[in-house]
Amino acid sequence: MDGRFLIAGERIATGETFEGYDPAAGANIAPAFEVSREADVARACEAAAAAFDVFRETSPEDRAVFLETIASEIEALGDALIERAVLESGLPPARLTGERGRTTGQLRLFASVLRAGRFAGVVLDSPMPERQPLPRSDLRQRRIAVGPVAVFGASNFPLAFSVAGGDTASALAAGCPVVVKAHPAHPGTSLLAAQAIDAAVAKCGLPRGVFSLMQGPANELGAALVRHPAIKAVGFTGSRAGGLALVSLAQARPEPIPVYAEMSSVNPVLLFPAALANRAEALGAGFVASLTMGSGQFCTNPGLVIGIDGPDLDRFVAAAAQALEQAQPQVMLTAGIHGAYSTGVETLAGHDGVELVARGVAATACNCGQAALFSTSAAALAANPALAHEVFGASSVVIRAKDWGEVAALLETLEGQLTATLQIDADDVEAARPLLPILERKAGRILANGWPTGVEVSHAMVHGGPYPATSDPRSTSVGSAAIERYLRPICYQDLPQALLPQAVRDGNPQRLPRLVDGAFE
């Protein structure tokens, strides 16, 4: 594998290198990868800016074909992509094969969004020259790309939230060139995906500045990318500290820009009485399966479980403990993530009023996380909100409440969440009804009788939520609505037809859906 990174189709070497890391073996892996420098960031951003006006005015069909070509190029990488991702993440091949399918599926979803045309938001208000007391001008609106976008690869999804992941797919669909800062935990996987995108750029005859890849372990590289004046928006998935650092950098610029950062969530699960009475044991087993999936390294991991104290909750906890004690330790993504998880579990265990319910099978191999389940009271959580802070990994806390009034008060104190889950039967509806408005204020997705791990890539999906789940609760990073982050409205008043863009011209040459004088066509 050639370790040079990519700027606008050109492979670049700087002479400074770093290596990937195999968390399962606890050792670095070849080859060496070239480290991008601040001058390289500037060059990539300038190439993106130069490509922007041409790329943003490509037709929806041309961009749809481009996205589909990227998907095909990723698939053409074959086993090499999966094998490298396994090495760099410790994730099993089956998981990564599924993730590759999700990655190509996202790209094809946005191709369908472009062909449907609703993304363009075309609105026409006909002139009213005779209106009194003042005439109305000819007004035409569409949404256009905001400009070059910086995308940061995530550690826990080497494919679907990385170089060719949802942030990149939605930005490219919008007509925005993309400069990716690859996650240093998987440089080889990132480079392979970047080569697929670059090949698609060339095959589709697009300006090469539409895509560049930056590589390197230093935070300064990402900071230089966010600070560059050509960058007009940022997509990020990662820690709260990392996301807030980028938000601060973006807001301190002479021209502040939006940062769409998905950061921190404990995804509360509410266990209602009838559901517990009817299926406590099944719920306990299902909860542990969700909690330990992928060593708990999902942003939607169920890190908080809330129920009314009593025998049925005891049954749930006993079943969960029994299942957790059988849970085999799994390799975590990096040594740093494993260390932070171990520290988080130790911190939880050291809090007054917190009981250790169960641990998974003890880890003997390198960087493996041992699952953990704790229990405490709603009163203890109210006194110490830190008990509800995210521990990234297979760790969760069961909260025992006295009644639903105490649950409602507890929910009001929680931070913003990606998800909230109701385990509910028909007899629980009235108990759940007064809690729903609170959950709507607190979460981006509310689900019933499932588990939050598992985010469907679809039109209705919302993967976002109030702070600190994300830095901007008006958006989603998964689903077709993600394209809206990288578009802005523009109005044309009384422009002659010859100067109007195709999207808003008479005759509708691009065959886009339109709202004309308040009626859809």
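The structure this text deals with has already been given above.
Quick caveat, the model's predicted, so the values are computed rather than measured. By convention here, each chain's residues receive numbers from 1 onward along its written sequence. For a predicted model such as this one, the threshold for reporting local features is a pLDDT of at least 70, and the threshold for listing and counting side-chain atom pairs is 80 or more; totals across whole chains, interfaces and linings nevertheless cover every residue. Excluded from the side-chain calculations are hydrogens and water; all other atoms, namely the structure's heavy atoms, are used.

A. Fine view of the packing of helix α9 (residues 273–292) against helix α10 (residues 311–325). Here an axis means a line fitted to C-alpha atoms, over the contact stretch when the element is a helix, while the angle between two N-to-C directions is reported on a 0 to 180 degree scale. What counts as a helix is a DSSP run of H or I of at least four residues, what counts as a strand is a run of E of at least two, and both are numbered from the N terminus. One can describe the packing of α9 onto α10 by two numbers: an axis separation of 8 Å at closest approach and a directional angle of 25°. Comparing their axes, α10 and α9 come out roughly parallel. Here the hand of the crossing between α9 and α10 comes out right-handed. Between α9, through Pro273, Leu276, Ala277, Ala280, Glu281, Leu283, Gly284, Ala285, Phe287, Val288, Leu291 and Thr292, and α10, the contact on the second element is made entirely by Asp312, Leu313, Arg315, Phe316, Ala319, Ala320, Ala323 and Leu324. These descriptions rest on fixed angle ranges, namely under 35 degrees for roughly parallel, over 145 for roughly antiparallel, 65 to 115 for roughly perpendicular, and the rest for oblique. Crossings are classed by handedness, with left-handed meaning an anticlockwise turn of the near helix from the far one by less than a right angle and right-handed meaning a clockwise turn. By the convention used here, residues are in contact when the closest approach between their heavy atoms is within 4.5 Å.

B. Spatial organisation of the packing of aromatic side chains. Ring pairs shown here join Phe, Tyr and Trp side chains whose ring centres sit within 6.5 Å, with only the six-membered ring taken for Trp; geometry is labelled stacked below 30 degrees between planes, edge-to-face above 60, and tilted in between. As enumerated under the stated definition, the model contains 9 aromatic pairs in all. Between Phe157 and Phe298, the ring centres sit 5.7 Å apart and the planes meet at 75°, which makes this aromatic pair edge-to-face. Of this pair, Phe157 sits in the loop between β7 (149–152) and α5 (166–174) while Phe298 sits in the loop between α9 and β13 (304–308), and the two are 141 residues apart along the sequence. An identical accessibility class is assigned to Phe157 and Phe298; each is buried. With a centroid separation of 5.9 Å and 90° between ring planes, the pair formed by Tyr260 and Tyr486 is classed as edge-to-face. Highlighted residues: Tyr260 in strand β11 (residues 259–262) and Tyr486 in the loop between β20 (443–448) and β21 (487–493), separated in sequence by 226 residues. Aromatic rings pair up to connect Phe157, Phe161 and Phe298 into one cluster. For the cation-ring pair, Arg95 lies above Phe157, with the distance from its terminal atom to the ring centre recorded as 4.7 Å. Over the ring of Phe157 we find Arg102; its NZ or CZ atom is 5.6 Å from the centre of that ring. A 1.4 Å probe rolled over the protein chains alone gives each residue an accessible area, and that area as a share of the maximum for its type sets the label: buried under 20%, exposed over 50%, partly exposed in between. The rule is short: NZ of Lys or CZ of Arg within 6 Å of the ring centre and within 35 degrees of the ring normal puts a charge over the ring.

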